[in-house]
Structure formats: structure tokens, C-alpha cells
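# Structural features, examined
So you can see what is in the structure, the chains are spelled out below.
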Amino acid sequence: MKNLSELKAEEKSRIVSVNGDSRFVSRITSIGLTPGCEISIVKNERHRPILVWARDTMIALNSKECANIEVE
């Protein structure tokens, strides 16, 4: 398994688990990024937020936090 920050632009994947403290997990799941959710990476550049397309919405995520989201 990989974490979300390892994916490259235009890769598609599915979220397997969201790890971290309860505040992080609550915030991520409240925007719809839950286990089973299909995602597509729009942009993943170094030292920039990762742009993710999920559930018909564009979401910008901190790349360090994306290390806590496992995908397959």
C-alpha cells in the first residue's frame, strides 16, 4: 500500500484508511475522504498542497498530512 502523498498527477486510487489524531481523522472524513472513496490526483508538486478530485469536488490537502491517508 501507498500513502496519498506518494501518488503522481493523474493517478487514480481508492482510500483504504485514514490514520492520525482524532481531529485530523474527523476533518478529513467530514469532507468526504472516507475508506472506499475513489480519488484522482490532479496535481502533486513538491512543497505545494496536493490537489485531489473526489466525490465531484476539488480538494487541496497538506502534503504532510497526506502521509496519514493510505490508498491502494
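Each remark here, short or long, concerns the structure printed above.
Residues numbered from 1 in each chain as written. Predicted model: local features only at pLDDT ≥ 70, side-chain atom pairs only at ≥ 80, totals over all residues. Heavy atoms only, no water.

## Section: the overall build of the protein chain
Note the threshold: Runs of H or I in DSSP of at least four residues are treated as helices and runs of E of at least two as strands, each being numbered from the N terminus. Our radius of gyration looks at C-alpha atoms and nothing else; its globule reference is 2.2 Å times the residue count to the power 0.38. Only protein chains enter the accessibility calculation, which uses a 1.4 Å probe; a residue whose area is less than 20% of its type maximum is buried, one above 50% is exposed, and one in between is partly exposed. The contact definition used throughout considers only heavy atoms, calling two residues in contact when any of these lie within 4.5 Å. Per-residue and other accessible areas follow the Shrake-Rupley method at a 1.4 Å probe size, with only the shown protein chains counted as cover for residues.
Within the protein chain, the regular secondary structure consists of one helix and six strands. Secondary structure of the protein chain in N-to-C order comes out as β-β-α-β-β-β-β. Relative to the compact-globule value of 11 Å for 72 residues, the protein chain shows a C-alpha radius of gyration of 11 Å, a close match. Structurally, the protein chain occupies a C-alpha span of about 30 × 25 × 25 Å along its principal axes. Burial status across the protein chain gives 32% buried among its 72 residues. If you take every contact in the protein chain between residues at least 6 apart in sequence, the share linking residues at least 24 apart comes to 56%. For the protein chain, the accessible surface area stands at approximately 4700 Å², while carbon and sulfur atoms represent 47% of it.

## Observations concerning the sheet that holds strand β3 (residues 38–43)
Basically, it comes down to this: Pairing between strands is defined by DSSP: at least two bridges between the two strands are required. Only the contacting stretch of a helix is used when fitting its axis, a line to C-alpha atoms as for every element, and angles between N-to-C directions run 0 to 180 degrees.
Ordered in space as β1-β6-β2-β3-β4-β5, the six strands form an open sheet in which the pairing is antiparallel. Two strands close off the open sheet at either side, each with one partner strand: β1 (2–3) and β5 (57–61). Along the sheet face, helix α1 (residues 22–30) touches β2 (12–18), β5 and β6 (69–71) and points at about 140 degrees away from the line of β2.

## Re a nonpolar patch on the surface
To keep things clear, this is the line we draw: Put simply, a patch holds well-exposed residues, over 30% relative accessible area, that have no salt bridge, with like charges counted together within 9 Å and Val, Leu, Ile, Met, Phe, Trp or Tyr side chains within 5 Å. Every case where a carboxyl oxygen of Asp or Glu lies within 4 Å of a side-chain nitrogen of Lys or Arg is listed as a salt bridge.
A cluster of nonpolar side chains, contributed by Val 42, Trp 53 and Met 58, occupies part of the molecular surface with about 270 Å² of accessible area. Here Val 42 shows up in strand β3. The exposure class of Val 42 is partly exposed, given its relative accessible area of 37%.

## Considering the pairing of β5
Relative to β5, strand β4 (residues 50–54) runs antiparallel, the two sharing five bridges. Bridging from a neighbouring strand, Trp 53 pairs with Met 58 of β5. As consecutive antiparallel partners, β4 and β5 are separated by two residues, and within that stretch Arg 55 has a phi angle of approximately 50 degrees, a positive value.

## Details of the pattern of salt bridges
Scanning all chains against the criterion turns up three salt bridges. The partner of Glu 65 in a salt bridge is Arg 27, with the nearest N and O atoms 2.7 Å apart. With Glu 65 in the loop between β5 and β6 and Arg 27 in helix α1, the pair connects residues that are 38 residues apart, well separated along the chain. You can call Glu 65 partly exposed: its relative accessible area is 25%.

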